[in-house]
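Residue-level structure breakdown
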Amino acid sequence: MSSTSIKCLFCEHTQTRSTPFEDTVFNNKTFEYVQCTKCDLIFVNPLPDTDDLIKMYPVEYQGNLAIAASGAYNSLFSQIQSKGKYSSILDYGCGGGRFVVEALDKGYSVTGAEYNPELVANLSKTFTKASFLTIDDFYKSDAKYDIIFLSNVLEHLTNPKEIMLKLRERVSENGLFVLEGPVENNFNLTLLTRKIIFFIRKNFFGKKASHTPTHILYANRKNQEQFLKDIGLTTLYYEIKESNWPYPMRYEDCHSLMQKLMYGIATFSVAMSKIFPFWGNNFTYIGKKKI
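Report follows, based on the coordinates. (Residues numbered from 1 in each chain as written. Predicted model: local features only at pLDDT ≥ 70, side-chain atom pairs only at ≥ 80, totals over all residues. Heavy atoms only, no water.)

What about the side chain of Glu155?
Checked against the element boundaries, Glu155 lands in the loop between strand S9 (145-151) and helix H6 (160-168). The buried charged residue Glu155 lacks any salt bridge partner; its closest oppositely charged side chain belongs to Arg98, at an N-O distance of 11 Å. Apart from the residues lying within four places of it in its own chain, the contact partners of Glu155 are Pro182, Thr214, His215, Ile216 and Leu217. (Helix = DSSP H or I, 4+ residues; strand = E, 2+ residues; numbered from the N terminus. Buried < 20%, exposed > 50% of the residue type's maximum accessible area, 1.4 Å probe, protein only. Lys, Arg positive; Asp, Glu negative; His and termini not counted. Salt bridge = Lys/Arg side-chain N within 4 Å of Asp/Glu carboxyl O. Contact = heavy atoms within 4.5 Å.)

As structure tokens, then:
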């Protein structure tokens, strides 16, 4: 069934169809996962309002703050360094500072921006060599940065086009956009099995979920790259990888036959992604403004 109640968050097309993903009940509302009939982006309808978002993202959502650099982003920094010389980084939606500590360790000047003022205060006390701003304060400034980094941010935005266009104006000439995160509607065997399970639960048993819809949108490789192109970015690097997520990551974490089956499917799918490089559920992107 098609609907015209909401615009696609990527392409602004107004026709949507239902998906296998179960409706979820949160904050006394029912959120439906619908799919754009033009670009295939999946997103929640209705979009969360301010009250929903406050309840979705308490300061505890980000978990513990990072402690020290671990080299987790060495490969990414090598990719960045191959594109030119850069000195300043804005980590937009910096969370617990995991990327901040890595960038500081590499000698960059780092600014982190976050929505929650309490989290910003905690980050400022913990990482004294970096600067931190609330999102509101960031937009009041006019500073520009050589690199704007977003990790696991895009899927949380109710207005990704608006945000990315604003950020596009804050990257310096010849600067870079670096993004990473999930592409939850990109094909792999794990996604296929999840859709089958959700379809059966939704259509044959009338089941609804009760998880917090923190991921507002589920992208795939094609519509995400097109979205970034449409907002005026040129792709320099784009890689898809796969992990077991959201199925168990380790066999020892499986405590039931179903969990063991899920682990087996995910592990096989990860192996198959080596043969089919566009399979996967995580992406890394580096791009720059079109001049």
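Notes on empty space enclosed by the protein
Across all of its chains, the model carries two cavities of 30 Å³ or more by this definition. Estimates place the volume of the largest cavity at around 60 Å³. If you go around the largest cavity, the residues you meet are Val183, Glu184, Asn186, Asn188, Thr190, Leu191, Arg194, Trp245, Pro246 and Asn281. Each residue belonging to the lining of the largest cavity can be placed in one class, and the counts come to four nonpolar, four polar and two charged. (1 Å grid on protein atoms, 1.4 Å probe; cavity = no way out; pocket = protein on both sides within 12 Å on 5 of 7 lines; lining within 4 Å. Points joined across faces, edges and corners; volume = space filled by probe spheres on them. Nonpolar A, V, L, I, M, F, W, Y, C, P; charged D, E, K, R; others polar.)

Here's the deal with the pattern of salt bridges
In this structure the tally under the stated criterion is twelve salt bridges. With its nearest N and O atoms 3.0 Å apart, the salt bridge here joins Arg250 to Asp253. It is possible to trace a salt-bridge network through shared partners that takes in Lys29, Asp49 and Asp52.

A short note on the sheet that holds S9
Read across the sheet, seven strands follow the order S8-S7-S6-S9-S10-S13-S12 without closing on themselves; strand pairing throughout is mixed. Strands at the two margins of the open sheet, each flanked by one partner only, are strand S8 (131-134) and strand S12 (233-241). Neighbour-to-neighbour, the strand axes of the sheet open up by a mean angle of 15°, direction not taken into account. Looking at chain direction, S9 and strand S10 (residues 171-182) are connected through six bridges and run parallel. Within S10, the residue paired with Ile147 across the bridge is Leu176. (Pairing = 2+ DSSP bridges. Axes fitted to C-alpha atoms, helices over the stretch in contact; angles between N-to-C directions.)

A short note on the nonpolar core
Across soluble globular proteins, nonpolar side chains show a tendency to be buried alongside one another. Among the nonpolar cores identified, the biggest contains 48 residues, and Tyr92, Met164, Leu167 and Phe177 are the most heavily contacted of them. Among the elements that make up this core, the one with the highest residue count is strand S4 (residues 29-36) (four residues). Sequence-distant contacts of Phe177, defined by excluding residues within four places in its chain, comprise Ile148, Leu150, Met164, Leu167, Arg168, Val171, Leu233, Tyr285, Ile286 and Gly287. Formed by 27 residues, the second largest nonpolar core is a distinct cluster that contains Ile80, Tyr86, Phe132 and Ile147. (Core = buried A, V, L, I, M, F, W, Y, C linked by side-chain atoms within 4.5 Å.)

Focus on the environment of Gly175
With respect to the element layout, Gly175 can be found in strand S10. The class for Gly175 is buried, based on a relative accessible area of 3%. Measuring from C-alpha to C-alpha, the distance between Gly175 and Ile80 comes to 10 Å, with 95 residues separating the pair along the chain. Excluding residues that lie within four positions of it along the chain, Gly175 makes contacts with Tyr86, Asp146, Gly287, Lys288 and Lys289.

Overview of the environment of Gln259
Structurally, Gln259 can be placed in helix H9 (residues 257-273). Classification of Gln259 by relative accessible area gives partly exposed; the value is 27%. In this structure the C-alpha to C-alpha distance between Gln259 and Ala72, which are 187 residues apart in sequence, comes to 28 Å. Discounting residues that sit within four places of it in the chain, Gln259 has contacts with Pro248, Asp253 and Cys254.

What about helix H4 (residues 117-126)?
Those residues of H4 that sit buried are Leu119, Val120 and Leu123. The buried residues of H4 occupy an angular sector of 100° when projected down its axis, which confines them to one face. Across from the buried face of H4, at angles greater than 90 degrees, the exposed residues are Pro117 and Lys125. In this fold, the buried residues of H4 make contact with strand S7 (109-114) and S8. With a side-chain oxygen lying 2.9 Å from the backbone nitrogen of Glu118, the N-terminal cap of H4 falls on Asn116. (Arc of directions from axis to C-beta. Polar contact = N/O pair within 3.5 Å; in protein donor to acceptor, adjacent residues only side chain to side chain.)

Comments concerning the packing of aromatic side chains
For the coordinates displayed, the defined rule picks out 23 aromatic pairs. One aromatic cluster is present, formed by Tyr73, Phe77, Phe99, Tyr108 and Phe149 through successive ring pairs. If you follow Lys166 out to its NZ or CZ, it ends over the ring of Tyr139, 5.0 Å from the centre. Here Arg221 stacks its cationic end above the ring of Phe278, 4.3 Å away from the centre of that ring. (Phe/Tyr/Trp six-rings, centres within 6.5 Å; stacked < 30°, edge-to-face > 60°. Lys NZ or Arg CZ within 6 Å of the ring centre and 35° of its normal.)

Functional significance is not addressed by these values, which are geometric in nature.
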